[in-house]
2 protein chains.
Amino acid sequence: MGTTQLESVPEPKYWHLKTVLSEALDAEFSVGEILPNERDLAARFGVARATLRQALEQLELEGRLQRRRGVGTTVAPPRMGVAVGAHGQAWPGEADDTWQPLDCMPAAPPAAVAGQLGTGREEPVHTVRRSRMSHGQPVAAELLYVPAASVPDLSAIDVPSGAARARAVLRELQRLPLQRQENAVELGSARADDAKELDRLPGAPVLVVTTRYLAADRTAALSVATYRADTCRLTFGDSGDVEIHHDPENQAS
Amino acid sequence: MGTTQLESVPEPKYWHLKTVLSEALDAEFSVGEILPNERDLAARFGVARATLRQALEQLELEGRLQRRRGVGTTVAPPRMGVAVGAHGQAWPGEADDTWQPLDCMPAAPPAAVAGQLGTGREEPVHTVRRSRMSHGQPVAAELLYVPAASVPDLSAIDVPSGAARARAVLRELQRLPLQRQENAVELGSARADDAKELDRLPGAPVLVVTTRYLAADRTAALSVATYRADTCRLTFGDSGDVEIHHDPENQAS
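Residues numbered from 1 in each chain as written. Chains lettered and ligands numbered in written order. Predicted model: local features only at pLDDT ≥ 70, side-chain atom pairs only at ≥ 80, totals over all residues. Heavy atoms only, no water.

**Q** Mind laying out the overall build of chain A, listing which residues take part and the relevant values?
**A** From N to C terminus, chain A includes 6 helices and 10 strands. Across chain A, contacts joining residues at least 24 apart in sequence account for 64% of those joining residues at least 6 apart. When the accessible surface of chain A is totalled, it reaches about 11700 Å², and 49% of it is carbon and sulfur. (Helix = DSSP H or I, 4+ residues; strand = E, 2+ residues; numbered from the N terminus. Contact = heavy atoms within 4.5 Å. Areas by Shrake-Rupley, 256 points an atom, 1.4 Å probe, with all protein chains shown as cover.)

Here it is as structure tokens:
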């Protein structure tokens, strides 16, 4: 009893080290604590620096460790459950949306986005920038692309820019009857501007959530949201309070 | 017109190179084509090898490139849209489930899983192993944990092991009235056994989807599915045929 009977597979050295390190983290370290330096750790576990580094990288991918410039490697808190599309079908900014509008600019979207929206090449669309906080930390940055055709009554004069402009675009968008929304999640790397907002280095692994909002059988708006992969677990489901593995600790925001 | 007016942020050198490389991939290379070696590429773009390598890593994270041992770096096909929880609420193996049962063993699950299932430490649960193919390629490997209490009428004698055993467990599970299911997605690294099944190296970045199946207000089963992050885009939504960015090319399976 107690031993798994699944077929055993030979594992590489750093993988075994990762398991041992993971147990040491549980037993000897608390969240936020700084790990000894690589040389000391390699000596303690009797492995080469390269092996150690591979194991640390794995633990970072899995969200167990955080590497921060000027600080070192620290033990990460459990990932936060962040609800995505959990409240069923709603326009951005509706109901209990937790995103904060930052600004809104006219800009030609990337070709792939323009293709989805059915807008012309180089045709500017309202580009709303929003950010999402959770437990006092930035967890996601979003660009929401809204073609002019989706907000025909938007006045260009009343609020020309800034967060107020963003809110005006969202308000106009919400007048359309929303048919449904579709989400997709994939791995990506943080663009420099998103990385800055998320307090990460450019190129850090992120979870990219693309949401297509459909009205009258066409894509009325497209959101591309970049979530920190190190601190977030994205939850999808009926209830908004889905926390699959562990609850995040209570943190002052 | 045509220039974005979003605030410009200084980008690191490899980031600029990544953009240039990405355009070169579009213009000069086709899917599956092998890239020139690093030395030649670095010379062509007038950058240091280290800068080139960073840019290649980014493109790999974003699914544009694949690095394969003994082959080199090739241009990746567009990611496949793989529907997750798209058919609403259904037990594993029901309706148009695309997973293939492989085997079923009694095994003590990891502590986090046991905590979710409310089973005792070291208590073995039915551990069903399934795999999922898409377009002729393995895209995901799953361990589905089913406590004995969820399948009380399962006979130990009729089908003691293998895929038939797995199907018997799923059949028994489906007798329970499913209340709802909840999904969570997070970044992980491939375990050695999953990596082998997915044709990846251990530690490769993967998207881990945890699905909790609830019946009578308790977790009747828990699935931990590991998707290839390089080839998959996970889709969530009303319809099963959600493909947000691009359709995968028709591939013979």
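**Q** Summarise the pattern of salt bridges; cite the residues concerned and give the values.
**A** Here the structure, examined in full by the defined rule, presents 40 salt bridges over all chains. The residue arginine 233 of chain B makes a salt bridge to glutamate 186 of chain A at a minimum N-O spacing of 3.1 Å. Separated into two different chains, arginine 233 of chain B in strand β10 (residues 232-237) and glutamate 186 of chain A in strand β7 (residues 180-189) make up a pair that spans both. Accessibility assignment for this pair places arginine 233 of chain B and glutamate 186 of chain A in one class, buried. As a salt-bridge pair, glutamate 182 of chain B and arginine 180 of chain B come within 2.5 Å of each other at their nearest N and O atoms. For arginine 180 of chain B, a relative accessible area of 23% corresponds to the partly exposed category. Each member of the salt-bridge network shares a partner with another, and the members are Glu38, Arg49, Arg53, Glu60 and Arg67 of chain A. (Salt bridge = Lys/Arg side-chain N within 4 Å of Asp/Glu carboxyl O. Buried < 20%, exposed > 50% of the residue type's maximum accessible area, 1.4 Å probe, protein only.)

**Q** Provide a residue-level description of the domain arrangement of chain A, including the pertinent values.
**A** Residues and elements named next belong to chain A. As far as domains go, chain A holds domain 1 (13-75) and domain 2 (82-244). Averaged C-alpha coordinates put domain 1 and domain 2 at centres separated by 35 Å. Counting residues at the interface gives 4 residues for domain 1 and 5 residues for domain 2. When domain 1 packs against domain 2, close to 330 Å² is buried across both sides, 47% of that on carbon and sulfur atoms. At the boundary of domain 1 and domain 2, one finds 0 salt bridges. Linking domain 1 to domain 2 there are 0 residue pairs in polar contact (both at pLDDT 80 or more). (Domains from an automatic or database assignment. Buried area = accessible area lost by both parts, 1.4 Å probe. Polar contact = N/O pair within 3.5 Å; in protein donor to acceptor, adjacent residues only side chain to side chain.)

**Q** How would you explain helix α3 (residues 49-61) of chain B if you had to name every residue and give the values?
**A** Between its first and last C-alpha, α3 of chain B extends 18 Å over 13 residues, near the 18 Å set by a 1.5 Å rise per residue. On its buried face, α3 of chain B is in contact with β7 and β8 (205-215) of chain A together with α1 (13-28), α2 (38-45) and β1 (65-68) of chain B. The first or second residue beyond α3 of chain B is glycine 63 of chain B, which carries a positive phi of 85 degrees. (Expected span 1.5 Å × (residues − 1).)

**Q** Tell me about the packing of aromatic side chains, and please be specific about residues and values.
**A** Residues and elements named next belong to chain A. For the structure on display, the rule yields 7 aromatic pairs over all chains. The interplanar angle of 25 degrees and the centroid separation of 5.8 Å between the aromatic rings of tryptophan 91 and tyrosine 213 together place this pair among those described as stacked. Remark: tyrosine 213 occurs in strand β8 and tryptophan 91 occurs in the loop between β3 (80-83) and β4 (99-107); sequence separation between them is 122 residues. Judged by relative accessible area, tyrosine 213 falls into the buried class, the value being 7%. Taking the ring centre of tryptophan 15 as reference, the NZ or CZ of lysine 18 above it sits at 4.0 Å. (Phe/Tyr/Trp six-rings, centres within 6.5 Å; stacked < 30°, edge-to-face > 60°. Lys NZ or Arg CZ within 6 Å of the ring centre and 35° of its normal.)

**Q** Any chance you could break down the nonpolar core for me, citing the residues and the numbers?
**A** Membership of the largest hydrophobic core comes to 34 residues, with the highest contact counts inside it found for Val185, Tyr227 and Leu234 of chain A together with Val185, Tyr227 and Leu234 of chain B. Those residues in contact with tyrosine 227 of chain A, other than ones at most four positions away along the chain, are Val82, Val84, Trp99, Arg132, Val139, Ala140, Val206, Leu207, Val209, Cys232 and Leu234 of chain A. (Core = buried A, V, L, I, M, F, W, Y, C linked by side-chain atoms within 4.5 Å.)

**Q** Would you mind going over the environment of glutamine 100 of chain B in detail, with residue names and values included?
**A** Tracing the backbone through its elements, the reader meets glutamine 100 of chain B in strand β4 (residues 99-107). Judged by its relative accessible area of 45%, glutamine 100 of chain B is partly exposed.

**Q** Run through the sheet that holds strand β8 (residues 205-215) of chain B, naming residues and quoting values.
**A** Picture the strands of a sheet paired through backbone hydrogen bonds; they go either parallel or antiparallel. Spatial strand order, β3(A)-β10(A)-β7(B)-β8(B)-β9(B)-β6(B)-β5(B)-β4(B): 8 strands in an open sheet with mixed pairing. Two strands lie at the open edges of the sheet, namely β3 of chain A together with β4 of chain B, each paired on one side alone. Each adjacent strand pair in this sheet contributes to an overall mean axis angle of 25 degrees, direction not counted. The pairing of strand β6 (residues 137-146) of chain B with strand β9 (residues 218-228) of chain B spans 6 bridges and is classified as antiparallel. Its bridge partner being in β9 of chain B, leucine 143 of chain B is matched across the sheet by valine 224 of chain B. Relative to the sheet, helix α5 (residues 162-173) of chain B contacts β4, β5 (125-134), β6 and β9 of chain B, its axis offset from that of β4 of chain B by approximately 90 degrees. (Pairing = 2+ DSSP bridges. Axes fitted to C-alpha atoms, helices over the stretch in contact; angles between N-to-C directions.)

**Q** Pulling in residues and values, what's your account of the pairing of strand β5 (residues 125-134) of chain A?
**A** All names here are of chain A. Most of β5 is tucked away, with 9 of its 10 residues classed as buried. Pairing between β5 and strand β6 (residues 137-146): 9 bridges, direction antiparallel. When the bridges of β6 are listed, threonine 127 appears paired with tyrosine 145. Connecting β5 to the antiparallel partner β6 that follows it, the hairpin turn spans 2 residues, and histidine 135 within it adopts a positive phi of roughly 50 degrees.

**Q** An account of the pairing of β8 of chain B is needed here, citing residue identities and associated values.
**A** All names here are of chain B. Taken across its 11 residues, β8 has 10 buried, putting it largely inside the fold. When strand β7 (residues 180-189) meets β8, the two strands line up antiparallel, connected through 10 bridges. Across the sheet, glycine 188 pairs through a bridge with valine 206, a residue of β8. The sheet contact formed by β8 and β9 spans 10 bridges and is antiparallel. Bridging from a neighbouring strand, leucine 214 pairs with threonine 219 of β9.

**Q** Lay out the confidence of the model for chain A in plain terms, naming residues and giving numbers.
**A** Residues and elements named next belong to chain A. On average, residues of chain A score 84 in pLDDT, and 88% of them reach the 70 mark or higher. Averaged pLDDT values over the elements of chain A bottom out at 84 in strand β1 (residues 65-68) and peak at 96 in strand β9 (residues 218-228). Taken as a whole, residues 1-9 scores under 50 in pLDDT and shows 15 contacts with residues more than four places along the chain or in a different chain. Note that pLDDT drops below 50 for residues 239-253; the model gives that stretch 34 contacts with residues more than four away or on any other chain. (pLDDT = per-residue confidence, 0-100.)

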